[in-house]
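Next come the chains, spelled out residue by residue.
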Amino acid sequence: MTTQLPPGPKGRAIRHFWARLHNNADFFARLQAEYGGIVYLSVPFRKLCVIFDPVLIQQALVEKRASFEQGPGYKRATFLGGPTVLTSDGDEHKRRRKLVQPSFHKQALNGYAETMIDETDKLQRGWRDGQTIDLVQTTTATALNIATRTFFGADSRIDPGLVGEALKGVFWDFTLGQLPFNRYLARLPLPRNRQAQAAFRALDHEIDAIIDQALDASQERNDLISHLVRAKDEGGVDRSLNRAEVRDEAYVILMAGHETTANVMAWMFYCLDQHPAVRERLEREIDGVLGGRRPGLADYDRLVYARAVFDETVRLFPPVYYVGRQAIEDSTLGDYLIPKGTALQPCLLAGLRDERFFEEAGGFKPERWLEENDHPKLALSAFGLGVHKCVGEAFARMEAVFMLAAIVPRWRLNVVSSHPPVVNSLVFYQFPRGFQMTVRARAATAP
Ligand code: HEM
C-alpha cells in the first residue's frame, strides 16, 4: 500500500476551522484550485480529506465503501436516539433502507401528489402583480406544509410551525455536530438548546399519536409515518421499526427532505429569470400540457422540460454539495494513502460543474437532460451515489415540478437585486439574507 498522503496545506487547523465556518463552499473552491482533485488537511482534532475528482469520489462511495463509514458529522447528531438510514452502515443500513424505501415507492408517491399540487397552488393564490416576496421563505413554508401533510397525513392538524421549530433544532444540532465536544455543548442551558428540546418533545408527542393510529390496521393511511410503522422486513423475524426507530427515521427524513428541496425550488426561479429563453420554453410546455387547468398526477410524466429544469438547477446548485464519511481502516484512493480515522468529504458540487463531463458546465442548459446521459456510474448526481443515494429523489423532483406547474402559467418572477443571492453553506446551501423576487402576472407581461 502506498504511503503517500494526498497534497494539501500543512498545519493551520484553527485557520481551516474558521475558514469553513465563514464560508465552506469558498474554502473548498480555494482548496481545489490550489491542490487539485484530492486534498488532505488538518482541522481541529482530526485530519480531513476533501475529494473533488468524481473518479475518486466514486471509489470512496462505491468501490471502496467498506473502508469508509458514514461521517462523524452524521453520527454525532444528539437529537437521534439511535442509528437511522442516514447514519448507519453495513447490515444495519441495509435493513433500514429496506424498511424506509417503500415510503417512496411509486404508489406512495402518487398518494402524496395531490397534497403537493394543493400546497403549491395555495402558495401563489394571494400574490398580487408587482408584489415583492421573499422566495426562500415562500418555498420553505410550502415545503414545510407538504412535509407536514405527507408525513403526518393530509388530514393532519399538526401546526407546520411546530415541525419547523423541530427542524430548526435539528439544524442547530447538526451545526453543533461540526464542532468538537458537541455532546457537551448540546447539554448547556443555551436558549437555542432549550428551544430545540421543547420542540422535539412536542413533535415526539405528535409522532406518537400518529403511530397509534397507524398501528390500527383498520385505518387506511397514506402518510409517511404510517408507511414506516407498517413496513416489514420480509427476510427478518419481526424486524419492523419500533416506536423509537420510527421517530428517529421521521426526524432524519424530515431533515434530509425539507430545506434541500425548498432551496432548489428557489434557485429554479432565479435561474429562470436569468435565462429568458429557458423560461419561455418552459412556459410553452406547461401552457400546452395544462391548457389553463389545474395540474394532476398524470401531468408529471408529460412535463418533460420542467423535470429537466429541475435537474439542471440541482446540478448547478446542489443543496447537499458534499457528503461525509470516515475511514475505518487504512485505505487508498487513487495513488494516495487515506489513514484510518481520516474524515472524508466527497464534494459532489465539483463533479457537477466539471467541464470534462458537462459541456459549458457553468451554463444553465436544461436541454442536456433531454439527451442520454453517458456517465451514469460517476459521481455526477446531486443525489449522491452508492448505497446511501438519496431515497427521496423522486419525491423532491415531483414537488418541484408541481411547483413549476402551479406558478409558471400565471406568474413570472424577477430577481430584485442584481447580485446573486448570498449563500452560507457549512451544512446545506442556505440564504442567510433571504431571496427577494418581484412577482409579475403573466397576463400583464404578455407581448
Ligand atoms: C433536491 C433535493 C434533495 C437533494 C439534492 C438530496 C440529496 C441527498 C444526498 C446527496 C444524499 C446522500 C447522502 C450521503 O451519501 O451521505 C441524500 C440522502 C438522503 N436523502 Fe436526500 N436529497 C434531496 C431531497 C430529499 C427528500 C425530499 C427526502 C425525503 C423526503 C430525502 C431523504 C433522504 C434520505 C432519508 C437520505 C439518506 C439515504 C441513505 O442514507 O440511505 N432527500 N440526499
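For the structure itself, consult the block above.
Residues numbered from 1 in each chain as written. Predicted model: local features only at pLDDT ≥ 70, side-chain atom pairs only at ≥ 80, totals over all residues. Heavy atoms only, no water.

Overview of the pattern of salt bridges
Step number 1: A full pass over the atoms with the stated rule returns 32 salt bridges.
Step number 2: Between Arg 302 and Asp 299 there is a salt bridge, with its nearest N and O atoms 2.7 Å apart. In this pair, Arg 302 and Asp 299 are both assigned in helix α13 (residues 299–302), 3 residues apart and thus about one turn of the helix distant.
Step number 3: The exposure class assigned to Arg 302 is partly exposed, which follows from its relative accessible area of 45%.
Step number 4: Judged by its relative accessible area of 1%, Asp 299 falls in the buried class.
Step number 5: Residue Glu 312 is joined to Arg 315 by a salt bridge in which the shortest nitrogen-to-oxygen separation is 2.9 Å. (Salt bridge = Lys/Arg side-chain N within 4 Å of Asp/Glu carboxyl O. Helix = DSSP H or I, 4+ residues; strand = E, 2+ residues; numbered from the N terminus. Buried < 20%, exposed > 50% of the residue type's maximum accessible area, 1.4 Å probe, protein only.)

Here we look at the sheet that holds strand β4 (residues 132–134)
Step number 1: Reading across the sheet, the 3 strands line up as β4-β10-β9 and stay open at both edges, with antiparallel pairing between neighbours. Edge strands, defined here as strands with exactly one partner in the open sheet, are β4 and β9 (411–415). Across the sheet, the mean angle from the axis of one strand to that of its neighbour is 40°, orientation sign disregarded.
Step number 2: In the sheet, β4 pairs with strand β10 (residues 436–441) via 3 bridges, with the strands oriented antiparallel. Directly across from Ile 133, in β10, lies its bridge partner Met 437.
Step number 3: Set on the sheet, helix α11 (residues 243–274) makes contact with β9 and β10; between it and β9 the angle comes to about 85°. (Pairing = 2+ DSSP bridges. Axes fitted to C-alpha atoms, helices over the stretch in contact; angles between N-to-C directions. Contact = heavy atoms within 4.5 Å.)

Quick notes on a nonpolar patch on the surface
Step number 1: There is a patch of nonpolar side chains on the surface, built from Ile 14, Trp 18 and Leu 21 and spanning about 320 Å² of accessible area.
Step number 2: Summarising the element assignment, Ile 14 is placed in helix α1 (residues 13–35). (Patch = residues over 30% accessible without salt bridge, like charges linked within 9 Å, V, L, I, M, F, W, Y side chains within 5 Å. Areas by Shrake-Rupley, 256 points an atom, 1.4 Å probe, with all protein chains shown as cover.)

Section: the site of the ligand
Step number 1: Taken together, 30 residues form the shell around the ligand, and within it Tyr 74, His 93, Arg 97, His 388 and Cys 390 come nearest.
Step number 2: For the ligand, an oxygen atom lies 3.1 Å from a polar atom in the backbone of Val 85.
Step number 3: The separation between an oxygen atom of the ligand and a polar side-chain atom of Arg 97 is 2.7 Å.
Step number 4: Every element with two or more residues in the shell around the ligand is listed here: α4 (90–100), α11 and α16 (393–407).
Step number 5: The class makeup of the residues in the shell around the ligand is 19 nonpolar, 8 polar and 3 charged. (Near = heavy atom within 4 Å. Polar contact = N/O pair within 3.5 Å; in protein donor to acceptor, adjacent residues only side chain to side chain. Nonpolar A, V, L, I, M, F, W, Y, C, P; charged D, E, K, R; others polar.)

Considerations on the coordination of the iron atom of the ligand
Step number 1: In this structure the iron atom of the ligand is ligated by exactly one protein donor, Cys 390 (SG), at 2.3 Å.
Step number 2: Along the chain, the position of Cys 390 falls in the loop between α15 (348–352) and α16. (Donors = N, O, S within 2.8 Å, 3.2 Å for Na, K, Ca; no water.)

Concerning α4
Step number 1: Within the sequence span of α4, burial applies to His 93, Arg 95, Arg 96, Arg 97, Leu 99 and Val 100.
Step number 2: Those residues of α4 that are buried lie in contact with α10 (224–230) and α11.

Quick notes on the sheet that holds strand β8 (residues 343–346)
Step number 1: Within the open sheet, the 5 strands sit side by side as β1-β2-β8-β5-β3. Their pairing is mixed. With partners counted over all chains shown, the strands left at the sheet margins are β1 (38–43) and β3 (68–70), one partner each. Across the sheet, the mean angle separating the axes of adjacent strands is 30° when strand polarity is ignored.
Step number 2: Where β3 lies against strand β5 (residues 325–327), 3 bridges are found, and the strand directions are antiparallel. What sits directly across from Phe 68, in β5, is Ala 327.
Step number 3: Contacts between α1 and the sheet are confined to β1, β2 (46–51) and β8, with β1 contributing the most and set at about 165° to the helix.

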